[in-house]
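# Summary of the model geometry
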Amino acid sequence: KDLKDKDGLTPLQLAVKAFEEKETRTLACLHTLLEFRVNVNSTDNDGFTALHWAIYNQKTKSAGVLMKSGADTMTLTTCGWTPLSSAIYWAITTSFDDNNPEKAADLQDLAVKMLKAPDFQAKHIDAVNDIEGTALYYATAYALPELVVLLLQRGARVYTKKGKLYPFQEEWLQTFLDNCISY
């Protein structure tokens with residue numbers, strides 16, 4: 001079992017939380033820790049994994065290493081965030097608020113890789129986080145059609161006015177995308 005600090009953070013989580021823009025030292029720490037078979041899916045006191053923290057800190061190379069090492073892309077935090085919804089949200093935030101299109105594209109690519117992974121499991125795909133958003137909400141609200149299609153194909157459900165969830169029907173796709181983009 002991994003040692004944790006008072007906040008429940010493991011050495012793996014601390015490595016990706018450390019401030020370092022280029023990720024060189026972070027990646028070296030990750031590789032060393034992973035060689036010693038640390039638990040890549042260990043959660044802190046709030047349910048965040050190392051993958052959550054890598055995405056939050058926009059360390060996309062580190063996130064890729066964690067994913068290749070078996071990190072669960074759908075672990076749910078106590079606030080309702082999955083690494084997938086976090087990647088989509090931070091891609092949008094980084095693009096608009098930080099005006100960093102390269103990092104935003106890297107985060108969006110990371111979300112696409114998560115959704116295209118052969119072992120992807122859609123548990124928590126419709127999770128509503130603490131700011132009342134879902135992965136599909138962010139992808140549609142900010143016109144990211146590739147992610148919208150992948151999310152719907154992977155099981156995201158469309159909400160209706162009556163609060164019921166309905167599974168996606170392939171024949172709705174073009175109308176749905178037209179409405180999203182025209183908004």
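Keep in mind that what you see is a predicted model, and the values were worked out from it rather than measured.

About the criteria used
- Residues numbered from 1 in each chain as written.
- Predicted model: local features only at pLDDT ≥ 70, side-chain atom pairs only at ≥ 80, totals over all residues.
- Heavy atoms only, no water.
- Salt bridge = Lys/Arg side-chain N within 4 Å of Asp/Glu carboxyl O.
- Helix = DSSP H or I, 4+ residues; strand = E, 2+ residues; numbered from the N terminus.
- Expected span 1.5 Å × (residues − 1).
- Buried < 20%, exposed > 50% of the residue type's maximum accessible area, 1.4 Å probe, protein only.
- Contact = heavy atoms within 4.5 Å.
- Polar contact = N/O pair within 3.5 Å; in protein donor to acceptor, adjacent residues only side chain to side chain.
- Core = buried A, V, L, I, M, F, W, Y, C linked by side-chain atoms within 4.5 Å.
- Phe/Tyr/Trp six-rings, centres within 6.5 Å; stacked < 30°, edge-to-face > 60°.
- Lys NZ or Arg CZ within 6 Å of the ring centre and 35° of its normal.
- Axes fitted to C-alpha atoms, helices over the stretch in contact; angles between N-to-C directions.
- Parallel < 35°, antiparallel > 145°, perpendicular 65-115°, else oblique.
- Left-handed = near helix turned anticlockwise from the far one by under 90°.

Turning to the pattern of salt bridges, a few remarks are in order. Counted under the stated rule, the structure contains four salt bridges. Its salt-bridge partner being Lys6, residue Asp7 comes within 3.4 Å of it at the nearest N-O pair.

Right, let's talk about helix α6 (residues 101-116) for a bit. Spanning 16 residues, α6 covers 22 Å between terminal C-alpha atoms, matching the ideal 22 Å at 1.5 Å per step. Every buried residue belonging to α6 is among Lys103, Ala104, Leu107, Leu110, Ala111, Val112, Met114 and Leu115, and all of these are buried.

Okay, the environment of Asn129 next. Here Asn129 lies in the loop between α6 and α7 (135-141). Of the residues examined, Asn129 reaches a relative accessible area of 4% and is grouped as buried. Residues Asn129 and Cys79, spaced 50 residues apart in sequence, show a C-alpha to C-alpha distance of 5.6 Å. Those residues in contact with Asn129 that lie beyond four places of it in its chain are Cys79, Gly80, Trp81 and Tyr138. Side-chain polar atoms of Asn129 contact the backbone nitrogen of Ile131, separated by 2.9 Å.

With 49 residues, the main nonpolar core has Leu12, Ile55, Leu66, Leu84, Ile88, Leu147 and Leu151 as its most contacted residues. Of all elements in the fold, only α1 (11-17), α2 (24-35), α3 (50-56), α4 (60-68), α5 (83-96), α6, α7 and α8 (145-153) reach the threshold of two or more residues within this core. Not counting residues up to four positions away in its chain, the partners in contact with Ile88 are Ala111, Ala135, Tyr138, Ala139, Leu144, Leu147 and Leu151.

Summed over all chains, the structure comprises eight aromatic pairs. Pairing Tyr89 with Tyr138 gives two aromatic rings, centres 5.2 Å apart and planes at 65 degrees, and the pair type is edge-to-face. Residue Tyr89 is located in helix α5, and its partner Tyr138 is located in helix α7; the two are separated by 49 residues in the primary sequence. By the ring-pair criterion, three or more aromatic residues cluster together here, those being Phe48, Trp53, Tyr56, Trp81, Tyr89, Trp90, Tyr137 and Tyr138. Lying across the ring of Trp53, Lys17 places its NZ or CZ 4.0 Å from the centre.

By the secondary structure assignment, Thr73 is in the loop between α4 and α5. Accessibility expressed as a relative area gives 12% for Thr73, which makes it buried. In this view, Thr73 contacts Leu51, Met67, Thr82, Pro83, Leu84, Met114 and Phe120; residues no more than four positions away in its chain are not counted.

It is worth spelling out the packing of α2 against α4 at this point. Helix packing for two helices is described by the angle between their axes and how far apart those axes are. At a closest axis distance of 10 Å, the pairing of α2 and α4 adopts a crossing angle of 15 degrees. Taken together, the axes of α2 and α4 are roughly parallel relative to one another. Read as a crossing pair, α2 and α4 show a hand that is right-handed. Here Thr26, Leu27, Leu30, His31 and Leu34 of α2 come into contact with α4, specifically with Lys61, Ser62, Val65 and Leu66.

These figures capture arrangement, not role.
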